[in-house]
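Single-letter residue listing:
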Amino acid sequence: MDTTYSFSDSLSFLITIAELYLKTELGRQLKPYGLTQEQWAVLNLLWETNGVTQKSLAVRSLKDQPNMTRILRRLEQKGLIFRTENSEDRRSYIISITAKGQELREATIDIAMGIRRQAFAGFDIRESEQLRSMLTRINCNLLGMRNI
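This text gives an overview of the structure that appears in the document. (Residues numbered from 1 in each chain as written. Predicted model: local features only at pLDDT ≥ 70, side-chain atom pairs only at ≥ 80, totals over all residues. Heavy atoms only, no water.)

What to know about helix H4 (residues 65-77)
Counted only if it meets this: Only DSSP runs of H or I with at least four residues qualify as helices, and only runs of E with at least two residues qualify as strands; both kinds are numbered from the N terminus onward. A helix is expected to span 1.5 Å multiplied by its residue count minus one. Throughout this description, buried means an accessible area under 20% of the type-specific maximum (1.4 Å probe, protein chains only), exposed means over 50%, and partly exposed covers the range between. Arc definition: directions from the helix axis to the C-beta atoms. For this analysis, a polar contact is any N or O atom pair within 3.5 Å, provided that within protein one partner can donate a hydrogen and the other can accept it, and provided that sequence-adjacent residues contribute only side-chain to side-chain pairs.
An ideal rise of 1.5 Å per residue puts 18 Å on 13 residues; H4 measures up with 18 Å between its terminal C-alpha atoms. Among all positions in H4, only Met 68, Ile 71, Leu 72 and Leu 75 are buried. Buried residues along H4 cover an arc of 95° about the axis, so they all sit on one side. Opposite the packed face of H4, turned more than 90 degrees from it, sit the exposed residues Pro 66 and Gln 77. With a side-chain oxygen lying 2.9 Å from the backbone nitrogen of Asn 67, the N-terminal cap of H4 falls on Asp 64. At the C-terminal side of H4, Gly 79 shows a positive phi close to 75°.

Structure follows, in C-alpha cells:
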C-alpha cells in the first residue's frame, strides 16, 4: 500500500468533487421546475414510499430534523406535499405527495437519468455496477466504524 498522501488524489476528495458536480448539475437542471436538489431528493423518496413520517424522511435522506422541516415547509408552500396528523403518534405528521408533486416525477427523473448517463459516459455496465458496489461497501465499512 502506498504510504504517501495527496489530498487532491484522496478518495474522499474525489468522491466529494463528484458529488458536488452531480448536485450542481442536478440543481441547475431542476431550476426551471422551481426545485432545489434537496427538495427533489425528498420528492423522490416520497415517489418511492408515499405517506411516511417526517422522521423517516430525515433518516432516509441523511438530513437533520431542522433541515427536513425547512425542506418540507417549502414543498408544502409549492403545493407538492401535504401533511396529515399521524393517528399513531400525535406528535408527528404523515407526509404525502400531491397530484402536482406526482406530475413532476417523469420529467425530473429523466433529468436525473440524463445526468447519470453523462457521469458514466465511457463506462460499460460492469464498470458502473462495480463502482456502485464498491461505494456501497465503503459506506458500510465506514458506517461500521460509528458503532451504531
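A few points about the pattern of salt bridges
Which entries qualify depends on this criterion: One side-chain nitrogen of Lys or Arg within 4 Å of one carboxyl oxygen of Asp or Glu is enough to make a salt bridge.
Tallied over the entire structure, the rule returns nine salt bridges. Of the charged contacts, one joins Arg 70 and Glu 38 as a salt bridge, the two residues approaching to 3.3 Å between their closest N and O atoms. Remark: Glu 38 occurs in helix H2 (residues 37-48) and Arg 70 occurs in helix H4; sequence separation between them is 32 residues. Residue class for Arg 70 comes out partly exposed when judged on its relative accessible area of 26%. With a closest N to O distance of 2.9 Å, Arg 90 and Glu 85 form a salt bridge. Here Arg 90 falls in the exposed class, since its relative accessible area comes to 68%.

Take it as geometry only, folks, not as evidence of what the structure does.
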